[in-house]
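Observations on the three-dimensional arrangement
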Amino acid sequence: MALSTPNVLPLYSRRAVQPPRSRLQTFMIYMAFIGLGTFYGLMMAYLPTSMMMLPTIPIVVMFLLSLWLLPDINIWDDPAMHRTFLIFMSLFIVWPSYLAFAIPGIPWISPTRIALFWLMVLFLWAVATSSELRAEMVKTAKASKPVFYFLMLFLVAQVISLPFGEDPVAAFQRVINNQFYWTAMFFLGCHLFLQPGALRRFLVLLMWLAAITVFIALWENRIEMVPYAPYIPSFLRSDEAYLARILSPQARATDGYYRAHSVFVVGLTFAEFLSLCLPFVIHFAVTTRSTVNRALAGAGYVLFSAGIWISHSRLGVVGWFETHFLYLIIWSTRRMYFRKSDMIAPALTYGFPAMFLGFVGLVSVWQRLRTTIFGTGAAQSSTDARLMQRDRAIPIIFKNPIGFGAAQGSDALNFRNAGGTQTVDSYFLTLLLDYGILGFISYFGFCISGAIRGLKTYFKSDDEELVLSGPLAIAVLNSVVIKLVLSQEQMQPLLFLFMGALMAAAFRHKMAVEAARTGAEIDKSALALARG
């Protein structure tokens, strides 16, 4: 027979868990919510646009606290994270960063940022609910302890420099942005590229995306304007003045050569991106056994070289030559180690100093080659500007060695080019001005120690995927050299991702070596992508 009242244990009844509130308590709760809403409404109405992010700080703190309080279930959706990651990287490369929806008071909304938002939701959820994942990422990042500790020091440098700039709020916003685009990319690389095959698939996708950007640049170079410029819809034209400056013909005033920049803001960034990609097409062309793949890699090599050429960027040419020299020496050295009877590798390895000296001599006597690398008198104004910035920055840096905060160093330097635009033309100076001496040392220590660890993996491993550490290390070293004459940060997420990939490859190699020494099987759970 049916019971007239539900039989509920007292401990789990509503009355036992939540005693009834009085009318006064209920009224006070409602008034508190109304007051909070009114307070936030007044802040959004009266705060200047640059400070509208301040009301979100308590919300972000509560969100992070909620993540910290989540139960440790050790279950996450890696396939979804990996798919979202590939979507984000595709948009990051081919979608112009200046095409976005603009809503006053909040950052621009673009497809790239929407993809990043979902990627971060999946990533933060996984990190918050799995101690296994957290331990795995830290262990992978510590495959090279100098890399991990230099990264931690770089984070410290970003934080301690915040109070010393003219706009600490803007600096704080940029630091938060850096954690999503830089630090999170590093740890994502540490995790996602543990799966065998994931790194190679990503790099193949990256080569195809780079080819798309070069095709756009070739079309642009032919018509001397961005091909899609007349067709940009009004709702994506977030800042007309900024857009007009980017889409206007970019040519050096002294020589008149058009500088193709494809989907990037300037041709220098386009050349930097291709310099980061070039080591991989060379590696695929040299190592692949498939004739079709070798032909595709060769076509990619020609395309990337053409893209660097039409960008009319000296840093791109330097990256091109640096890639060839570095890959030649590491390839011949590794081949000599693994193929004892081979005669080609020793000849290239021991003959490399003579080849390098010959190249230096050729540069000194061949004017066309010398001007291609170092520029003509038309580029002298850029060199002079960098020297002037260096001379002005040195006393400022010694006056405040801690730094002025993220994106605040240019205001402290206050150097303007001939067009009246405030600029800093070297990332070396940007790091010193923004994050101080500690930030400078920790950033380049992070990059160089990661490249060294990647080269160790390349020389010691015989795994076809792990030897991708060689071109990854060259790409990182290319970035270090290019940053001497370029201050743009658009390619930083890709650099930090490459660093994470180097750590993942080093960790996998370490596991393989330990398994071979002990005779045990490699722990597949640490390398598996799909979890549920």
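Residues numbered from 1 in each chain as written. Predicted model: local features only at pLDDT ≥ 70, side-chain atom pairs only at ≥ 80, totals over all residues. Heavy atoms only, no water.

1. Section: the overall build of the chain
Counting its secondary structure elements, the chain contains 20 helices and zero strands. The buried share of the chain, taken over its 532 residues, is 46%. The contacts in the chain between residues at least 6 apart in sequence include a share of 76% that link residues at least 24 apart. Carbon and sulfur atoms form 69% of the exposed surface of the chain, whose accessible area is close to 27100 Å². (Helix = DSSP H or I, 4+ residues; strand = E, 2+ residues; numbered from the N terminus. Buried < 20%, exposed > 50% of the residue type's maximum accessible area, 1.4 Å probe, protein only. Contact = heavy atoms within 4.5 Å. Areas by Shrake-Rupley, 256 points an atom, 1.4 Å probe, with all protein chains shown as cover.)

2. A look at the packing of helix α4 (residues 78-94) against helix α5 (residues 111-129)
Between α4 and α5, whose axes approach to 9 Å, the crossing angle comes to 155°. Here α4 is positioned roughly antiparallel relative to α5, judged by the angle of their axes. The handedness of the crossing between α4 and α5 is left-handed. Note on element contacts: α5 touches α4 through Pro 111, Thr 112, Ala 115, Leu 116, Trp 118, Leu 119, Leu 122, Phe 123 and Ala 126, opposite Ala 80, Met 81, Thr 84, Phe 85, Ile 87, Phe 88, Leu 91 and Phe 92. (Axes fitted to C-alpha atoms, helices over the stretch in contact; angles between N-to-C directions. Parallel < 35°, antiparallel > 145°, perpendicular 65-115°, else oblique. Left-handed = near helix turned anticlockwise from the far one by under 90°.)

3. Quick notes on unusual backbone geometry
Phi at Glu 224 takes a positive value of approximately 55°, unusual for a residue other than glycine. The partly exposed category is assigned to Glu 224, whose relative accessible area is 47%. Even without being a glycine, Ala 407 presents a positive backbone phi close to 65°. Among the secondary structure elements, Ala 407 is positioned in the loop between α16 (380-399) and α17 (409-413). Judged by its relative accessible area of 32%, Ala 407 is partly exposed.

4. Considerations on the packing of helix α7 (residues 145-160) against helix α18 (residues 427-460)
Where α7 contacts α18, the axes come no closer than 8 Å and their chain directions differ by 170°. The angle between the axes of α7 and α18 places the two elements in the roughly antiparallel class. Like other packed secondary-structure pairs, α7 and α18 cross with a definite hand, here left-handed. Within the contact between the two elements, α7 uses Pro 146, Val 147, Phe 150, Leu 151, Leu 153, Phe 154, Val 156, Ala 157, Gln 158 and Ile 160 and α18 uses Leu 431, Tyr 435, Leu 438, Gly 439, Ile 441, Ser 442, Tyr 443, Gly 445, Phe 446, Ser 449 and Gly 450. Tallied by class, the residues present in the contact of α7 with α18 amount to 15 nonpolar, six polar and no charged. (Nonpolar A, V, L, I, M, F, W, Y, C, P; charged D, E, K, R; others polar.)

5. A short note on the nonpolar core
The biggest cluster of nonpolar side chains holds 113 residues, and the ones touching the most others in it are Phe 186, Phe 273, Phe 304 and Phe 498. Per element, the largest residue contribution to this core is 13 residues, and it comes from helix α20 (residues 492-518). Setting aside its immediate chain neighbours within four residues, Phe 186 contacts Ala 141, Val 147, Leu 151, Phe 446, Phe 496, Met 499, Gly 500 and Met 503. With eleven residues, the next largest nonpolar core counts Ala 385, Ile 396, Leu 413 and Phe 415 among its residues. (Core = buried A, V, L, I, M, F, W, Y, C linked by side-chain atoms within 4.5 Å.)

6. Section: the confidence of the model for the chain
Here the chain averages 84 in pLDDT, while 85% of its residues score no lower than 70. With pLDDT under 50 throughout, residues 1-5 is counted as low confidence; its partners more than four residues away or in other chains account for zero contacts. Across residues 524-532, confidence stays below pLDDT 50; counting only partners more than four residues off in sequence or on other chains, it has 28 contacts. (pLDDT = per-residue confidence, 0-100.)

7. Here we look at the environment of Leu 486
Here Leu 486 is to be found in the loop between α19 (469-482) and α20. Residue Leu 486 is classed as buried on the basis of its relative accessible area of 3%. Once residues lying within four places of it in the same chain are set aside, the contact partners of Leu 486 are Leu 268, Glu 272, Leu 315, Asp 425, Ser 426 and Tyr 427.

8. Remarks on α4
Taking 1.5 Å as the rise per residue, α4 with 17 residues should run 24 Å; its terminal C-alpha atoms sit 24 Å apart, in good agreement. Those residues of α4 that are buried are in contact with α5, α8 (168-192), α9 (198-223), α11 (267-287) and α20. (Expected span 1.5 Å × (residues − 1).)

9. Considering a nonpolar patch on the surface
Taken together, the side chains of Leu 153, Val 156, Val 159, Ile 160, Phe 164, Ile 402 and Leu 438 make up a nonpolar region of the molecular surface, amounting to roughly 530 Å² of accessible area. With four residues, α7 is the largest single contributor of residues to the nonpolar patch. Along the chain, the position of Ile 402 falls in the loop between α16 and α17. (Patch = residues over 30% accessible without salt bridge, like charges linked within 9 Å, V, L, I, M, F, W, Y side chains within 5 Å. Salt bridge = Lys/Arg side-chain N within 4 Å of Asp/Glu carboxyl O.)

10. A few points about the side chain of Ser 262
Counting through the fold element by element, Ser 262 comes out in the loop between α10 (240-247) and α11. The exposure class assigned to Ser 262 is buried, which follows from its relative accessible area of 0%. In terms of polar contacts, Ser 262 uses its side chain to reach the backbone carbonyl oxygen of Thr 213, at 2.6 Å. Apart from residues no more than four positions distant in its own chain, Ser 262 is found in contact with Tyr 98, Thr 213, Ile 216, Ala 217, Glu 220, Val 226, Tyr 228 and Phe 270. (Polar contact = N/O pair within 3.5 Å; in protein donor to acceptor, adjacent residues only side chain to side chain.)

11. Observations concerning the environment of Phe 356
Structurally, the position occupied by Phe 356 is in helix α14 (residues 344-365). The sequence separation of Phe 356 and Phe 325 amounts to 31 residues, and the corresponding C-alpha distance is 8.3 Å.

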